[in-house]
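# Summary of structural features
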Amino acid sequence: MGGNSLLNLLLCDKGHLTKPSNPATAKAVTTTILNHLDSGRLRKAVSILFYAPFPFHFSLYARLFQLCSSTGSRAIVEARKVESHLFTFSPTPPVFLVNRAIEAFAKCGSLGDARELFEEMPQRDGGSWNALITACSHSGSPEEAFRLFVKMSRSGFLPNEVTFASALGSCAAVLALSLSRQVHGLIVKYGFGGNVVIGSSLVDIYGKCVIMDDARKIFDEIKNPNAISWNIIVRRYLEMGEGEEAIVMFFHMFKAAVRPLKFTFSNALVACSSISALDEGIQIHGVAIKMGFDDDEIVSSSLIDMYAKCGDLESASAIFDQPNSKDVISWTSIVSGYAMSGKTWKARELFDEMPERNVISWNAMLAGYTRYSQWEEAVDFIFLMRNTTNNIDQVTLGLILKVCAGLSDVELGKQVHGFIYRHGFSSSIFVGNGLLHMYSKCGKMRSAKTVWFHQISHWRDRVSSNALLSSYARRGRILHVACANIFALEQGKQIHGFMIRNGYTMDTPFLFFSCTLRF
DNA sequence: ATAGGGTTAG
């Protein structure tokens, strides 16, 4: 019990009424609270509730919990006040209301409060388990979500489609393929296979695990795919490097008469740039205008990016020059468009005008200089960057190493290497490759070899001791891979990306998770 | 009585 509820109890013990003396009082206060809520004054409403020494109707608490966690508010203080008041004047509230409280705490970002409340519940229902499992899966605690998922069944509660959807969300977050297959089996067994949310989640997971055939099969079996389902399939094809199929699916969506999400427009447009499909991009632009999406910031910045990457800088500028479409992303897209097409001077002019920059904007400009071997400009820019911002990431460092390589400046390269080492960027494959290239280009083969072995041992330490990394030759193909588990996800992703970029044949990736489900 | 899935720039 927190200090707040203690305060309320003291108020009771001092002889304050636990029930309004006049039955009209509670009703009047409720009306006042509702009026504040209707005008969007959540804090004021909660404050009035908090100091009222009598209970309210449960539906009011339910509504308040929901508002505390609705998008944008994340009002943890208010959620705690509502909970405190509820328990003070209704010591044994109905289970559904406690479930709402758990959800509110979780959505406000306090998994601790949610967990504590769950632990202290004298009675639980399936919804309580679902609330906490969802909370864990949203708070970056997938392991705990899995544990609860298993524990739930052992405690005699049957998982329903919400449970499965949350469990699959956790599977996707850590690419737990083997676990997903087990959960998939249970879903079929329990008869939830036809659920659109679950089907979409499965498409998402199999796609992320690079098993696109399975993903597509499951997608085709969804009876009425909704906008999110379509978004997933378009995105997964895009990430597989199958831009054409992504675009095809985008247009299929219209035949199915499903209104796309703005992110689906983005994904489809990125697919267009990935295969330089300007004509299709123009068609999608037309569709966006027809459907009233063209003044959306996300869609318009994606359009700018698509036109820029397809080499149509005029159309890109035309959209960029329209009012209300200039966020950092649009700015970065247009700068990148000029920079990567060799017009670095124009790009720099725009870059200098940017009202706001982030590390990606800086990298976009630097990438232009390195791509066109403008080493002097690049070096000046790097020093400017160092003096202007502390925002540096592995992409910046990779680009700086390219500059060192371009200049064959091993002394500068060594300094950068030192920086990388001191700031813990060594594990990034992007940086590692940059170092390798830099040392080789400068003729320092011994250093290159050292970097290589360090890189390899790094993977071995971080990946294989936790999970499994096996590369093996078979039938003349070069390399097959088994991937990482949840403790080495970042490394697993890096290896995966490395393999895709370098054209290795991909066998079914194995992802291991130490928990085997028993039902 | 409810809850669950996806996310543009280097």
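Residues numbered from 1 in each chain as written. Chains lettered and ligands numbered in written order. Predicted model: local features only at pLDDT ≥ 70, side-chain atom pairs only at ≥ 80, totals over all residues. Heavy atoms only, no water.

On to the overall build of chain A. Helices and strands together make up the secondary structure of chain A, namely 28 helices and two strands. For chain A, buried positions account for 50% of its 519 residues. Partitioning the intrachain contacts of chain A with sequence separation of at least 6 by distance along the chain shows that 62% fall at a separation of at least 24. Of the roughly 25700 Å² of accessible surface on chain A, a fraction of 54% belongs to carbon and sulfur atoms. (Helix = DSSP H or I, 4+ residues; strand = E, 2+ residues; numbered from the N terminus. Buried < 20%, exposed > 50% of the residue type's maximum accessible area, 1.4 Å probe, protein only. Contact = heavy atoms within 4.5 Å. Areas by Shrake-Rupley, 256 points an atom, 1.4 Å probe, with all protein chains shown as cover.)

Another aspect to go through is the environment of Ile-429. Within the secondary structure, Ile-429 sits in helix α26 (residues 429-441). Assessed through its relative accessible area of 4%, Ile-429 is described here as buried. Through-space distance from the C-alpha of Ile-429 to that of Ser-440 is 16 Å; in sequence the pair is 11 residues apart.

When pLDDT is averaged across chain A, the result is 86; 84% of the residues are at 70 or more. pLDDT under 50 marks residues 10-18. Its contacts with residues more than four places away, or in other chains, come to seven contacts. When the criterion is pLDDT under 50, residues 483-491 qualifies, and its contacts beyond four places in sequence or with other chains add up to 26 contacts. (pLDDT = per-residue confidence, 0-100.)

Counting residues in hydrophobic clusters, the biggest one holds 150 residues, and the most contacted among them are Phe-56, Ile-233 and Met-438. The element contributing the most residues to this core is helix α6 (residues 95-107), with eight residues. Among all residues touching Ile-233, those that are not within four sequence positions of it are Val-203, Met-212, Arg-216, Phe-219 and Met-249. (Core = buried A, V, L, I, M, F, W, Y, C linked by side-chain atoms within 4.5 Å.)

Moving on, we come to the protein's contact with DNA strand B. In the neighbourhood of DNA strand B, 44 residues make up the surrounding shell, with Arg-100, His-138, Leu-261, Ile-329 and Asn-363 lying closest. Separating a base nitrogen of DNA strand B from a side-chain N or O atom of Ser-200 is a distance of 2.5 Å. With six residues, the top contributor of residues to the surface near DNA strand B is helix α14 (residues 227-239). (Near = heavy atom within 4 Å. Polar contact = N/O pair within 3.5 Å; in protein donor to acceptor, adjacent residues only side chain to side chain.)

Attention now goes to the side chain of Thr-396. If you trace the backbone, Thr-396 turns up in helix α24 (residues 394-407). A polar atom in the side chain of Thr-396 sits 3.0 Å from the side chain of Asp-393. Aside from chain neighbours lying at most four places away, what touches Thr-396 is Val-359, Asn-363, Leu-366 and Met-385.

Turning to the pattern of salt bridges, a few remarks are in order. Considering all chains together, one arrives at 17 salt bridges under this definition. The salt bridge partner of Arg-236 is Asp-204, with a shortest N-O separation of 2.3 Å. Here the residue Arg-236 occupies a position in helix α14, and Asp-204 occupies one in helix α12 (residues 196-208), the gap between them amounting to 32 residues. For Arg-236, a relative accessible area of 6% corresponds to the buried category. What you see here is one network of salt bridges that share partners, running through Asp-204, Lys-208, Arg-235, Arg-236 and Glu-239. (Salt bridge = Lys/Arg side-chain N within 4 Å of Asp/Glu carboxyl O.)

Quick look at unusual backbone geometry now. For residues other than glycine, phi is negative in most cases, and the peptide bonds are mostly trans. Phi angles above zero are rare outside glycine, and Leu-175 is one such case at about 50°. In this structure, Leu-175 sits in the loop between α10 (161-173) and α11 (177-190). The class for Leu-175 is buried, based on a relative accessible area of 14%. Its identity is not glycine, yet Ser-276 carries a phi of approximately 50°, on the positive side. With a relative accessible area of 52%, Ser-276 lands in the exposed category.

Given a rise of 1.5 Å per residue, 13 residues ought to cover 18 Å, and the 18 Å separating the end C-alpha atoms of helix α18 (residues 297-309) matches this to within 8%. The buried count for α18 comes to 10 of 13 residues, which makes it a mostly enclosed element. Buried positions along α18 lie against α16 (262-274), α17 (278-290), α19 (313-320) and α20 (328-340). Its side-chain oxygen placed 2.8 Å from the backbone nitrogen of Ile-298, Asp-296 serves as the N-cap of α18. Trailing α18 by a residue or two, Gly-311 shows a phi angle of about 85°, which is positive. (Expected span 1.5 Å × (residues − 1).)

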